[in-house]
Amino acid sequence: AAWFADRGVEVYAHTSLEKFAFHARQAQVLPVAVLQVDCTELTWVFDQEVKPMLEEVLAYGGLFCALTAREGAANSGASGTSDAFGEFWRLAPESGRLRLVSRWRWRPGEDEGRVLGDGENE
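Everything numeric in this text was worked out from a predicted model, so none of it was measured.

We now examine the overall build of the protein. When you go through the protein residue by residue, the secondary structure sums to 3 helices and 5 strands. For the protein, the sequential pattern of α-helices and β-strands runs α-α-β-α-β-β-β-β. A buried classification covers 34% of the 122 residues belonging to the protein.

We now examine the packing of aromatic side chains. The full count for this structure, using the stated rule, is 3 aromatic pairs. Summarising the aromatic geometry, the rings of Phe-46 and Trp-89 are spaced 4.9 Å apart at their centres and angled 45° between planes, so their arrangement reads as tilted. Of this pair, Phe-46 sits in helix α3 (residues 46-57) while Trp-89 sits in strand β3 (residues 84-91), placing them 43 residues apart in sequence. Like Trp-89, Phe-46 is buried.

Membership of the largest hydrophobic core comes to 16 residues, with the highest contact counts inside it found for Phe-20, Val-34, Val-50, Met-53, Leu-54, Phe-64 and Leu-98. Listing elements by their share of this core, those giving two or more residues are α2 (17-27), α3, β2 (63-68) and β3. Looking at this core, the element that brings in the most residues is α3, giving 5 residues. Setting aside anything within four residues of it in sequence, one finds Val-34 in contact with Phe-20, Leu-54, Leu-58, Leu-63, Phe-64 and Cys-65.

Attention now moves to α2. Taken together, the buried positions of α2 are Leu-17, Phe-20, Ala-21 and Ala-24. The buried residues of α2 occupy an angular sector of 95° when projected down its axis, which confines them to one face. Away from its buried face, by an angle of more than 90 degrees, α2 presents the exposed residues Glu-18, Lys-19, Phe-22 and Gln-26. Tucked into the core, α2 has its buried residues touching β1 (33-37) and α3. Where α2 ends, the next residue or the one after it, Gln-28, has phi of about 50°, a positive value.

Attention shifts here to the sheet that holds β2. Strand order across the open sheet formed by 5 strands is β1-β2-β3-β4-β5, with mixed pairing between neighbours. Each end of this open sheet is capped by a strand with a single partner; those strands are β1 and β5 (114-116). Going from strand to strand, the sheet's axes swing by 20° on average, the running direction of each strand aside. Across 6 bridges, the pairing between β2 and β3 is antiparallel. Bridging from a neighbouring strand, Ala-66 pairs with Glu-87 of β3.

Cut-offs and rules
Residues numbered from 1 in each chain as written. Predicted model: local features only at pLDDT ≥ 70, side-chain atom pairs only at ≥ 80, totals over all residues. Heavy atoms only, no water. Helix = DSSP H or I, 4+ residues; strand = E, 2+ residues; numbered from the N terminus. Buried < 20%, exposed > 50% of the residue type's maximum accessible area, 1.4 Å probe, protein only. Phe/Tyr/Trp six-rings, centres within 6.5 Å; stacked < 30°, edge-to-face > 60°. Core = buried A, V, L, I, M, F, W, Y, C linked by side-chain atoms within 4.5 Å. Contact = heavy atoms within 4.5 Å. Arc of directions from axis to C-beta. Pairing = 2+ DSSP bridges. Axes fitted to C-alpha atoms, helices over the stretch in contact; angles between N-to-C directions.

This is a description of form; function is not addressed.
Listed below in structure tokens is the structure:
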């Protein structure tokens, strides 16, 4: 956190989605980036809970980045793998909606991740 503080970047960690949304609304801040790490529980409620909350509190043009051991931020049908998935979403100023920018997959033993195409899990 000290590295970020020296650069004028505020970093917050929250134990729940509700606490994050409450803090953002209470502080009247619009985060530029939200990072979700290893929260497979949120995969199943992404469309119903996570996405609408982010569309409310994220700054226009802001990024949502998810790194999850399985599936990604939204359910993609790749459950049960030992791979890591990264998804990058952007709040589009034109529509006010989150739009998937890219999906990545990292496999054990591989040096680099691979960009996935639409609907691709392999």
